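# Survey of secondary and tertiary structure
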Amino acid sequence: KEATADQKEKEITQNHPIAAIATPVGEGGISVIRVSGENAIATVNQSFEGTDLREQDSHTVHFGKIIDSDDKVVDEVLATLFHSPKSYTGEEIIEISCHGGVLVTQAVLEAMLDLDIKPAEPGEFTQRAFLNGKMELSQAEAVADLIHAKSKKALDSAHQQLEGRLGEHISEFRQQIIDATAMVELELDFVEEDVEFANKEELKELLVELDDEIDNLLATYETGRLVKHGIKTVFVGLPNAGKSTLLNTLVGKDRAIVTDIAGTTRDTIDVDWSYDGLRFILTDTAGLRDTDDVVEAEGVKRSQQAFEKADLAVYLKDLSRKLTTEEREDIAEIQKKAGDTPFVLIGTKHDIALDLDDERMDYDLKISALENEKIDELKKLLKQRALENTEYDSSSLLVTSSRHRDALQNAQENVQSAIQALDQGMTGDFLSIDLRSALKDLGTITGEITTEDILDSIFSRFCIGK
Ligand code: GDP
């Protein structure tokens, strides 16, 4: 079932009031309980002791007490009023700020639910905002991204999307397709009279340009993905190569266990490391070597899995030990396995390096984690190599969601198929079908076209109260 949401002319629907705690559960200065829906203010007013909230202006704050169904005072609160349509959801909203304790917050919520108010589903406020045309779908998704952002760049990118920059691009694409469709369908109207496309060249130009533009936007996805989800960086190397030590040096905490007994890093450990606004997820692996030890073998298996999912692979070679033929082969093998994944070869323990001329290895960098030697260079190198296959431009708009990428790809395929149809001299109705499909694909990004499945999967990612 398809629902359409025309943003500009959307009438605000006031749904049954819902309530949820909008702040994180825990002890804090204040907590906020948000209520949205038809007559939300009048409903809450029934258990509010203070001024008559029904007679107050929008965007005003009022002191009072919340009274439960037994007429007991639950808490002293501040109530903030938002009249429809000037609110987050477009509906009438009342936000109750109470003391920030787990029980008192819960009690205020209970008092709301004792009135004719339902508990909100995850993301239901934002879903109502979307359905009421307060934001398009990619903006609603950006709200979730904003909340979940784990790095400065991820936050920037969510902000851009929230401002509607992706939506603007999509609207432009849609307009171009609508123009193209109009050209095609004009011809269809006159098919009896044997009228050719008024301007086949012009139509083709328009479609080719659109194809290029979609391509440019799609090309940002690889960067977008890394920015949003973090750069999975796997450290590989023989036991004792200095993997844990380096990880600790980068992160600045003793998160990985450092020992000098070979094979102690049995499991993979993920550590978050922020650098230059980007988030790296560092995995210290048990190494990829074969082993008879059962526990260690499990570790090796996990290392391999981590390695396969990595965005960046870093091999650490201990410079204080002679390179064996076996390790040389290992490195070559790992490099081969890495395939398109950027691979960095680092020499470690440079402070106690053997003076070997015969190594003939092509190190990207030689470092000493203990002496803090070349660590800044290493950080720069990791960032540069992680992004080498992407068109990284921190200021440009990024596609960060696989849902958006898929929709763009589908739209592009349909545009390309229209170009092909045009080249093959197919009739306008063929072109028209392709163009209309492309239009639909793009519409799923901004929400002009949605299904309940899409909405469910998007809003279920939200926390309750958002
Ligand atoms: P892992 O098994 O690869 O995680 O290696 P560790 O980080 O546990 O390091 C093994 C040993 O090498 C420890 O005794 C570390 O102190 C030592 N080590 C690590 N990095 C350096 C370094 O840069 N210089 C020196 N001299 N020793 C290091």
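Keep in mind the model is a prediction, meaning the values are calculated, not measured.

### A short note on the overall build of the chain
- Along the chain, the regular secondary structure elements total 15 helices and 13 strands.
- For the chain, the residues scored as buried account for 41% of the 466 residues in total.
- Of all intrachain contacts in the chain linking residues separated by at least 6 positions in sequence, the fraction that spans at least 24 positions is 65%.

### Let's talk about the sheet that holds strand β7 (residues 118-119)
- Across the sheet, seven strands lie side by side as β3-β4-β5-β6-β2-β1-β7; this open sheet has mixed pairing. Single-partner strands in this sheet number two, and they are β3 (48-50) and β7.
- When strand β4 (residues 61-67) meets strand β5 (residues 73-82), the two strands line up antiparallel, connected through seven bridges. Within β5, the position partnered with Phe63 by the bridge is Leu78.

### Remarks on the UniProt feature "binding site: Mg(2+)" (unreviewed entry) in the chain
- Within this structure's numbering, the places UniProt gives as "binding site: Mg(2+)" (unreviewed entry) are Ser244 and Thr265.
- With respect to the element layout, Ser244 can be found in helix α9 (residues 243-251).

### What about α9?
- If you check which residues of α9 are buried, you get Lys243, Ser244, Leu246, Leu247 and Leu250. Along α9, the residues classed as buried sweep out an arc of 160 degrees about the axis, all on the same side.
- At the C-terminal side of α9, Gly252 shows a positive phi close to 80 degrees.

### As for unusual backbone geometry
- With an omega dihedral of 5 degrees, the bond running from Ser84 to Pro85 counts as a cis peptide bond.
- Counting through the fold element by element, Pro85 comes out in the loop between β5 and β6 (93-99).
- At Asn240, a residue that is not glycine, the phi angle is positive and equals roughly 80 degrees.
- With respect to the helices and strands, the residue Asn240 is situated in the loop between β8 (231-236) and α9.

### Some thoughts on the pairing of β8
- Taking burial as the measure, the six residues of β8 include six buried ones, the bulk of the element.
- Across the two faces of β8 the burial is the same, with Ile231, Thr233 and Phe235 and Lys232, Val234 and Val236 all buried.
- Strand direction decides the pairing type here: β8 and strand β10 (residues 278-284), joined by five bridges, are parallel. What sits directly across from Phe235, in β10, is Asp284.
- Pairing geometry for β8 and strand β11 (residues 312-318), over four bridges, is parallel. Pairing of Val236 across the sheet is with Tyr315, part of β11.

### Observations concerning the packing of helix α3 (residues 124-131) against helix α4 (residues 137-148)
- Orientation of α3 relative to α4, taken along the N-to-C sense of each, is 160 degrees, at an axis distance of 9 Å. Our classification of the angle between α3 and α4 gives roughly antiparallel. In this structure, the crossing between α3 and α4 has a hand that is right-handed. Residues Thr126, Ala129 and Phe130 of α3 touch α4, and the partners they reach there are Leu137, Ala140 and Val143.
- A class-by-class count of the residues in the contact of α3 with α4 yields five nonpolar, one polar and no charged.

### Thoughts on the nonpolar core
- Among the nonpolar cores identified, the biggest contains 103 residues, and Ile33, Val108 and Val314 are the most heavily contacted of them.
- Top contributing element to this core by residue count: helix α13 (residues 402-423), with seven residues.
- Once residues within four sequence positions are removed from consideration, Val314 is found in contact with Thr233, Val234, Phe235, Val236, Val344 and Ile346.

### Quick word on the pairing of strand β2 (residues 30-36)
- Buried residues dominate β2, accounting for five of its seven residues.
- Relative to β2, strand β1 (residues 18-21) is paired through four bridges, and the arrangement is antiparallel. The partner of Ile18 across the bridge, within β2, is Ser36.

### Focus on the environment of Glu373
- Counting through the fold element by element, Glu373 comes out in the loop between β13 (365-366) and α12 (375-386).
- Here Glu373 falls in the partly exposed class, since 16 other C-beta atoms lie within 10 Å of it.
- With sequence-adjacent residues up to four places away left out, Glu373 is seen in contact with His350, Asp351, Ile367 and Ser368.

### Overview of α4
- For α4, built from twelve residues, the straight-helix expectation of 16 Å at 1.5 Å per residue is met to within 8% by its first-to-last C-alpha distance of 17 Å.
- Of all the twelve residues making up α4, nine are buried; the element is thus mostly covered by neighbouring parts of the structure.
- Residues of α4 that are buried include every one of Leu137, Ser138, Gln139, Ala140, Glu141, Ala142, Val143, Ala144 and Asp145, and no others.

### Thoughts on the confidence of the model for the chain
- Taken residue by residue, the chain gives an average pLDDT of 87. The fraction at 70 or more is 87%.
- In the predicted structure, residues 1-8 sits below a pLDDT of 50 and forms 13 contacts with residues beyond four places in sequence or in another chain.
- Overall fold confidence (pTM) sits at 0.78, and the ipTM for the predicted complex is 0.98.

### A closer look at the environment of Leu203
- Of note, Leu203 is situated in helix α7 (residues 200-218).
- Remark: the alpha-carbon pair of Leu203 and Thr181, spanning 22 residues in sequence, is separated by 9.3 Å.

### A word on the packing of α4 against helix α5 (residues 152-162)
- Between α4 and α5, the least distance of the axes is 8 Å, while the angle of their chain directions is 155 degrees. Compared by their axis directions, α4 and α5 come out roughly antiparallel. Crossing angle aside, the handedness with which α4 passes α5 is left-handed. Here α4 contributes Ser138, Gln139, Ala142, Val143, Asp145 and Leu146 to the contact with α5, which in turn contributes Leu155, Ala158, His159, Gln161 and Leu162.

### Remarks on the environment of Ile41
- Positionally, Ile41 belongs in helix α1 (residues 40-45).
- Sequence separation between Ile41 and Gln305 is 264 residues, and the spatial gap between their C-alpha atoms is 54 Å.
- Contact partners of Ile41, with chain neighbours within four places excluded, come to Leu53, Arg54, Leu81, Glu92 and Ile94.

Reading the values: rules and limits
Here the residue index of a chain counts from 1 through its sequence in written order. With the structure being a predicted model, the display of local features is reserved for residues of pLDDT at least 70 and the display and counting of side-chain atom pairs for 80 or more, all residues being used for whole-chain, interface and lining totals. Labels follow the DSSP assignment, with helices taken as runs of H or I lasting at least four residues and strands as runs of E lasting at least two, numbered in each case from the N terminus. With C-beta atoms placed from the backbone, the exposure class of a residue follows from how many other C-beta atoms lie within 10 Å of its own: 20 or more, buried; 12 or fewer, exposed; in between, partly exposed. What counts as a contact here is a pair of residues whose C-beta atoms, placed from the backbone, lie within 7 Å. In this scheme, strands are said to pair when DSSP sees at least two bridges between them. UniProt positions are given in the numbering used here, feature names are shortened, and annotations may be inferred rather than shown by experiment. By construction, the arc corresponds to the directions joining the helix axis to the C-beta atoms. Lines are fitted to the C-alpha atoms to define the axes, a helix being fitted only along its stretch in contact, and any angle between axes, read from their N-to-C directions, falls within 0 to 180 degrees. Small angles under 35 degrees read as roughly parallel and large ones over 145 as roughly antiparallel, with 65 to 115 read as roughly perpendicular and the rest as oblique. The crossing is said to be left-handed when, going from far helix to near helix, the turn is anticlockwise and less than a right angle, and right-handed when the turn is clockwise. Under the convention adopted here, Pro, Cys and the residues Ala, Val, Leu, Ile, Met, Phe, Trp and Tyr are nonpolar, Asp, Glu, Lys and Arg are charged, and Gly plus all remaining residues are polar. Any set of buried Ala, Val, Leu, Ile, Met, Phe, Trp, Tyr and Cys residues joined through C-beta atoms within 7 Å is what this text calls a nonpolar core. Between the first and last residue of a helix there are one fewer steps than residues, each counted as 1.5 Å, and that sum is the expected span. Scored from 0 to 100, pLDDT records how confident the predictor is in each individual residue.

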